[in-house]
Amino acid sequence: MNIEKARFLMIEQQIRPWDVLDLDVLELLVIVKREAFVPLAYRALAFADSEIPLPHGENMLTPKLEARILQELAVKKHENVLEIGAGSGYMAALLAYKARHVTTVEIEPELKALAEKNLADYGVSNVDVVLGDAAQGFNGANQTNSPYDVIVVSGSLPVVPEALLAQIKVGGRMFVIAGSAPAMTAQIITRTSDIGYSTVNLFETIVKPLRNAVTPSHFKF
């Protein structure tokens, strides 16, 4: 496989047609080598328009979704980012190139170790990989950067918990895929004041829910 040609085709045939036209984002997809974060058994699929399996039934998001997240959030160099769901570490690596610091939280010890190794092997030094369950908000010991300028939820949430919203800095924003299959919506939620939030719906998609996510009550009165 000609890796650079495959990367070029991924960008031109999958990512640009999905309205990802930000040149900084497209350049970043060339700089941060996706194949370095894909498990060896699936490396031939590194540039395919599909989710890539990870241990414990988890998976990497599709390349076009990763790119769209980066474009919509427009992370700045002075910003601190919280990612929920480290996976292989690839999204954290992309965010790290744009941000001051990234804290990525992973519930599964094997994936935490995988993300840490991939990030270290790639020379990414401004990411902390933390073991924890952040589906209902991050309550880890390393809270020096909370509240965060940017939060990325690398999985879906049936409902967005108040505890997670509270961790967005005023003026900051969060990317989340909210809802339950078959009706999930990618959103950017911006904190406008101590008690105010605005939500922009971006597109519909289906992504596996985070483990231990809050589920809405189905009782009706």
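Structure: see above.
Every value quoted in this text rests on a predicted model; they were computed, and no experiment measured them.

How each quantity is defined
Residues numbered from 1 in each chain as written. Predicted model: local features only at pLDDT ≥ 70, side-chain atom pairs only at ≥ 80, totals over all residues. Heavy atoms only, no water. Helix = DSSP H or I, 4+ residues; strand = E, 2+ residues; numbered from the N terminus. Buried < 20%, exposed > 50% of the residue type's maximum accessible area, 1.4 Å probe, protein only. Contact = heavy atoms within 4.5 Å. Areas by Shrake-Rupley, 256 points an atom, 1.4 Å probe, with all protein chains shown as cover. Lys, Arg positive; Asp, Glu negative; His and termini not counted. Charge placed at Lys NZ, Arg CZ, Asp CG, Glu CD. Expected span 1.5 Å × (residues − 1). Arc of directions from axis to C-beta. Salt bridge = Lys/Arg side-chain N within 4 Å of Asp/Glu carboxyl O. Pairing = 2+ DSSP bridges. Axes fitted to C-alpha atoms, helices over the stretch in contact; angles between N-to-C directions.

Draft legend 1. Seen up close, the overall build of the chain. Across its full length, the chain holds six helices and nine strands. With the C-alpha coordinates aligned to their principal axes, the bounding extent of the chain is approximately 55 × 35 × 35 Å. Counting over 221 residues, the chain shows a buried share of 51%. Counted over contacts in the chain with a minimum sequence separation of 6, partners at least 24 positions apart contribute 56%. Element-wise, carbon and sulfur atoms account for 56% of the exposed surface of the chain, whose accessible area totals about 10,300 Å². Between the mean site of the 20 positive side-chain charges and the mean site of the 25 negative ones, the chain shows a separation of 2 Å.

Draft legend 2. Representation of helix 5 (residues 109–121) within the structure. The end-to-end C-alpha distance of helix 5, which contains 13 residues, comes to 18 Å, matching closely the 18 Å that a straight helix rising 1.5 Å per residue would cover. Turning to helix 5, its buried residues are Leu111, Lys112, Ala115, Asn118 and Leu119. Each buried residue of helix 5 lies within a common arc of 135° when the element is viewed along its axis, so the set occupies one face. Summarising the geometry of helix 5, the exposed residues directed more than 90 degrees from the buried face are Ala120 and Asp121. In the stretch just after helix 5, Gly123 is the one whose phi turns positive, near 80°.

Draft legend 3. Representation of unusual backbone geometry within the structure. With omega at 10°, the peptide bond leading from Ala181 into Pro182 counts as cis. Here Asp19, not a glycine, exhibits a phi torsion of approximately 65°, which is positive. On the secondary structure map, Asp19 appears in the loop between helix 1 (3–15) and helix 2 (23–31). With a phi angle near 65°, Asn212 is a residue other than glycine that sits in the positive phi range. Looking at the element boundaries, Asn212 is found in the segment after strand 9 (197–205).

Draft legend 4. Fine view of the pattern of salt bridges. One pass over the structure, following the stated rule, counts 14 salt bridges. Here Glu4 and Lys33 are joined by a salt bridge, their closest N and O atoms 3.9 Å apart. Of this pair, Glu4 sits in helix 1 while Lys33 sits in the loop between helix 2 and strand 1 (52–53), placing them 29 residues apart in sequence. On the accessibility criterion, Lys33 (25% relative accessible area) is partly exposed.

Draft legend 5. Representation of the sheet that holds strand 4 (residues 101–106) within the structure. Sheet architecture is open: seven strands sit in the order 5-4-3-6-7-8-9, paired in mixed fashion. What marks the edges here is a single partner per strand, and that holds for strand 5 (127–131) and strand 9. Strand-to-strand twist of the sheet, defined as the mean angle between neighbouring strand axes without regard to direction, takes the value 15°. Here strand 8 (residues 183–191) runs beside strand 9; their pairing, made up of eight bridges, is antiparallel. Directly across from Thr185, in strand 9, lies its bridge partner Glu204. Running over the sheet, helix 5 touches strand 4 and strand 5 and is turned about 170° from strand 5.

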